[in-house]
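Next come the chains, spelled out residue by residue.
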Amino acid sequence: MAKKQFKAESKRLLGLMINSIYTHKEIFLRELISNSSDAIDKLCYLSLAEGKSVDRSELYIRILLDEENRTLTVSDNGIGMSAEELENNLGVIAKSGSLAFREEMDKSAAEGGDIDIIGQFGVGFYSAFMVADRVRVISRKYGEESANVWESSGADGYTVKPAEKEERGTDIVLYLKPDAEGEDYGAFLTEWKIKDLIKKYSDYVRYPIKLGEETVNSMVPIWQRGKAEASDEECIKFYREKFYDQTDPVRVIRVNAEGTVSYRALLFVPAKAPYDYYSRDYRAGLQLYASGVMIMDKCEDLLPECFRFVRGVVDSPDLSLNISREMLQHDRQLKVIASSLEKRIKNELAKLMTEDADKYAEFYKTFGLQLKYGLLNGFGANRELLQDLLMFYSSAKEKPVSLSEYTADMPEDQKYIYYACGESIARLSSLPQAEPVREKGYAILYLTDEVDEFVMNMLGSYGEKELRNVNADDLGIEDAGDGRTEELEKANEEMLGFLKDSLDGSVAAVKLSKKLKTYPVYLGVQGDITLEMEKYFSSLPGSENKVKAERVLELNPSHPVFEALVRAYASDKDKAAKYARLLYFQAMLYAGVEISDPSAYAQLICELMT
Ligand code: ADP
Ligand code: MG
């Protein structure tokens, strides 16, 4: 029979496995055992959905070592594969783990990286080729009479033929490679080594993994154990292996709920985002079990969008097993679980914030933006859930603080929570218009994320306190001017009009400011669109600068520069116009607005100096 070729993508992954110099080749066993465990899960699920029950005590995964023939066999009596499935599942790169792995491989190769990333992914069935030069898969599908064998010696293709097999399920026979320098494949034929690997990688598999007649794994899923029987360290080990994350999570959350709906959950807040987190491919959700039978790998309905980074497992005896995905969405029990998990996750994050600020900061660096988007996408509906989890850099502490910390530190006479938005903290700490706030010694939140200003608008207030942008005319601070500015503005009305005209439509008005103390000028706006919003919208593709802030040039009437302006206006209008343009350029510099024509600015300075 002619050999069939692997699909191109599969061939590349396969090639990689065959020639692997990866030092932890032992993970092949974890991969094969987890496939067996999946196959038994599928069998349980299917038979339940069909209204038949399988005798759970009969289910097993078995490892057979044959030193003489130098083979290692992984067998299971799970769902099995038909001839067609052997072809489709093993001839073509499988979904999930393997595909993600290959993509990361490509990235890593492009960056000249090594293949150390193998340990981070579910590399799947082909990992068998790291240790074997020939693989036979004999499988008989649940409900079918006949069996088939898939066989391959690697890159030159594979065959599928009819075969004999007594029982339902799959045997994977690995013909181990000959030992070579520094490569002891023979070790995989020794019982102690295999026991060790099962304990290390597959202890929590819920079906017995037998070596001969002995069951090696402890089988009780870790989430079914109490704190006394499973330490945080063990949970973290489980997390690393299950979710292929080499970084410890920042928080382990265990739930053992009894009430209207009973369930156990073991959740993790990762420290790092998975590589595909911000891509369309990322699928959020918790793994869902009903009485120990996995019914869904990623149940999205269990997590609110804003906590989509949380990973873990939920197991409930109260969920009906033969439930379809569509029905699950409307399942009342599931909703109860989801809403209690939501509260729990929030509380755990809040606790982390107070108990371990550094860890929280680590988490927030990675997922803070997700929380902000959660607030925006929910149009404020998630406010109660999220407002206490947000952190912003505070001028008073020189580090991020929560809104609750900020308000706790507010002096009695401080009316508002102040914030300023811009690109960098350095620039924000010298904003002219924030002078009155700084002078009072009030803390200002410096917001440097693009979405921050929208977040503040969405929040509007925190507790009793209103949030206030330092751009606002009214900063809630008594000014000593008492009417003097208004008087001066009246007196200089004509000049201000002239200055506005000489700026050629760049500003909507030129005004006298009540806020400035030592700075001569700042760039304010009127209306709802701020300069930061304008920047944000103009950065979006295809926006063509449609969203524009209405700029206002604010002058400090008690600054000597203002006197110079008045003198110039009286004696030399041309010079006054130049001054106006110069001050406008300055205001843009303070505000961090890009000057579109720097040569005009330079030219202007030269003209005024000579
Ligand atoms: P993944 O497990 O991520 O789907 P693998 O490469 O590990 O990818 O496996 C490919 C596919 O082969 C599986 O999705 C499954 O359909 C099938 N398969 C592998 N091992 C078994 C097995 N022991 N029993 C039944 N099907 C299996
Ligand atoms: Mg797999």
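Everything below is about the structure shown above.
Residues numbered from 1 in each chain as written. Chains lettered and ligands numbered in written order. Predicted model: local features only at pLDDT ≥ 70, side-chain atom pairs only at ≥ 80, totals over all residues. Heavy atoms only, no water.

**Student:** Explain the sheet that holds strand S19 (residues 465-469) to me, please; I cannot follow it from the model alone.
**Tutor:** Hydrogen bonding along the main chain pairs the strands of a sheet, whether they run parallel or antiparallel. Read across the open sheet, the 6 strands follow the order S15-S14-S17-S16-S19-S18; overall the sheet is mixed. If you trace the sheet from one side to the other, it starts and ends with strand S15 (399-401) and strand S18 (461-462), each paired once. As judged from the 3 bridges shared by strand S16 (residues 417-421) and S19, these two strands associate in the parallel manner. Following the sheet pairing, Ile-417 is matched in S19 by Leu-467. (Pairing = 2+ DSSP bridges. Helix = DSSP H or I, 4+ residues; strand = E, 2+ residues; numbered from the N terminus.)

**Student:** So what exactly am I meant to see when it comes to the pairing of strand S5 (residues 158-163) here?
**Tutor:** Regular strands show a simple pattern: their side chains alternate between the two faces of the sheet. Sheet topology places strand S4 (residues 147-152) next to S5; 6 bridges connect them, and they run antiparallel. Counterpart to Asn-148 in the pairing with S5 is Pro-162. Between S4 and S5, which pair antiparallel one after the other, the connecting turn spans 5 residues, and Gly-154 there sits at a positive phi close to 115°.

**Student:** What exactly am I supposed to notice about unusual backbone geometry here?
**Tutor:** Phi at Arg-70 takes a positive value of approximately 55°, unusual for a residue other than glycine. One can find Arg-70 in the loop between strand S1 (61-66) and strand S2 (71-76). Although it is not a glycine, Tyr-244 sits at a positive phi angle of roughly 50°. Residue class for Tyr-244 comes out partly exposed when judged on its relative accessible area of 25%. (Buried < 20%, exposed > 50% of the residue type's maximum accessible area, 1.4 Å probe, protein only.)

**Student:** Sorry if this is basic, but what is going on with the packing of helix H8 (residues 332-355) against helix H9 (residues 357-377) here?
**Tutor:** A packed helix pair is summarised by two numbers, namely the angle formed by the two axes and the spacing between the axes. Interaxial distance between H8 and H9 falls to 5 Å at its minimum, and their mutual angle equals 125°. Judged by the inter-axis angle, H8 sits oblique to H9. Each of Leu-349, Leu-352, Met-353 and Glu-355 in H8 lies in contact with H9, whose residues at this interface are Ala-357, Lys-359, Tyr-360 and Phe-363. (Axes fitted to C-alpha atoms, helices over the stretch in contact; angles between N-to-C directions. Parallel < 35°, antiparallel > 145°, perpendicular 65-115°, else oblique. Contact = heavy atoms within 4.5 Å.)

**Student:** I'm lost on helix H3 (residues 83-91) in this one. Help?
**Tutor:** Structurally, the α-helix is built with 3.6 residues per turn, so residues lying three or four positions apart point the same way. Buried within H3 are the following residues: Leu-86, Leu-90 and Gly-91. Burial along H3 is one-sided: seen end-on, the buried residues are contained in an arc of 90°. Where H3 is buried, its residues touch helix H1 (8-18), strand S3 (132-140), S4 and S5. (Arc of directions from axis to C-beta.)

**Student:** Help me understand the environment of Tyr-579 in this model?
**Tutor:** Among the secondary structure elements, Tyr-579 is positioned in helix H19 (residues 573-591). Once the C-alpha coordinates of Tyr-579 and Leu-604 are considered, the two residues, 25 residues apart in sequence, prove to be 9.0 Å apart. The contacts of Tyr-579, once residues within four sequence positions are left out, are Ala-564, Leu-565, Ala-568 and Leu-608.

**Student:** Hey, could you run me through the pattern of salt bridges in this one?
**Tutor:** Counting across every chain of the model gives 37 salt bridges. Among the salt bridges present, the one from Asp-41 reaches Arg-206, with a minimum N-O distance of 2.9 Å. Here Asp-41, found in helix H2 (residues 27-49), pairs with Arg-206, found in the loop between helix H5 (191-202) and strand S7 (209-211); they are 165 residues apart in sequence, far enough to count as distant. Accessibility expressed as a relative area gives 5% for Asp-41, which makes it buried. (Salt bridge = Lys/Arg side-chain N within 4 Å of Asp/Glu carboxyl O.)

**Student:** Explain the nonpolar core to me, please; I cannot follow it from the model alone.
**Tutor:** The nonpolar side chains of a soluble globular protein tend to be buried, and buried together. Counting 77 residues, the largest nonpolar core has Phe-307, Phe-309, Tyr-360, Phe-363, Leu-371, Tyr-418 and Leu-445 as its most contacted members. Each residue touching Phe-363, except ones within four places of it in the same chain, is listed here: Val-250, Val-269, Pro-270, Phe-309, Leu-349, Gly-368 and Leu-371. With 53 residues, the next largest nonpolar core counts Leu-13, Val-131, Val-135 and Val-293 among its residues. (Core = buried A, V, L, I, M, F, W, Y, C linked by side-chain atoms within 4.5 Å.)

**Student:** Teacher, can you tell me more about the packing of aromatic side chains here?
**Tutor:** How two aromatic rings sit relative to each other is set out by the distance from centre to centre and by the angle between their planes. One pass over the structure, following the stated rule, counts 32 aromatic pairs. Judged by centre distance (5.3 Å) and plane angle (65°), the rings of Phe-309 and Phe-363 are edge-to-face. You can see Phe-309 sitting in the loop between strand S12 (293-299) and strand S13 (311-316) and its partner Phe-363 sitting in helix H9, a full 54 residues away along the chain. Taken individually, Phe-309 and Phe-363 each receive the classification buried, so the pair is uniform in this respect. Plain terms: the ring middles of Tyr-519 and Tyr-590 are 5.2 Å apart, the flat faces sit at 80° to each other, and that makes the pair edge-to-face. With a gap of 71 residues between them, Tyr-519 in the loop between strand S20 (509-512) and strand S21 (521-526) and Tyr-590 in helix H19 connect regions that are remote in the sequence. Between the NZ or CZ atom of Arg-62 and the centre of the ring of Tyr-60, over which it lies, the distance is 4.7 Å. Directly above the ring of Tyr-416 sits Arg-468, whose terminal nitrogen or CZ lies 4.1 Å from the centroid. (Phe/Tyr/Trp six-rings, centres within 6.5 Å; stacked < 30°, edge-to-face > 60°. Lys NZ or Arg CZ within 6 Å of the ring centre and 35° of its normal.)

**Student:** What am I meant to see in the packing of helix H18 (residues 560-571) against H19 here?
**Tutor:** Remark: H18 packs on H19, axes separated minimally by 6 Å, with the N-to-C direction vectors making an angle of 150°. Looking at the two axes, H18 sits roughly antiparallel to H19. Contact residues: H18 offers Val-561, Ala-564, Leu-565, Ala-568, Tyr-569 and Ser-571, while H19 offers Lys-573, Lys-575, Ala-576, Tyr-579, Ala-580 and Leu-583. Of the residues that constitute the contact of H18 with H19, the class distribution is 9 nonpolar, 1 polar and 2 charged. (Nonpolar A, V, L, I, M, F, W, Y, C, P; charged D, E, K, R; others polar.)

**Student:** Would you take a moment to explain the sheet that holds strand S11 (residues 286-290) for this structure?
**Tutor:** Sheet architecture is open: 5 strands sit in the order S9-S10-S13-S11-S12, paired in mixed fashion. Looking at which strands have only one partner, the edges of the open sheet turn out to be strand S9 (251-257) and S12. Taken over all neighbouring pairs, the strand axes of this sheet differ in orientation by 15° on average, direction set aside. Note: S11 against S12, 4 bridges, orientation antiparallel. Its bridge partner lying in S12, Ala-290 is registered against Val-293.

**Student:** Just to check I follow, could you spell out the side chain of Arg-468 for this structure?
**Tutor:** Along the chain, the position of Arg-468 falls in strand S19. Ignoring sequence-local partners within four residues, the contact set of Arg-468 consists of Tyr-416, Ile-417, Tyr-418, Tyr-419, Asp-474 and Leu-475.

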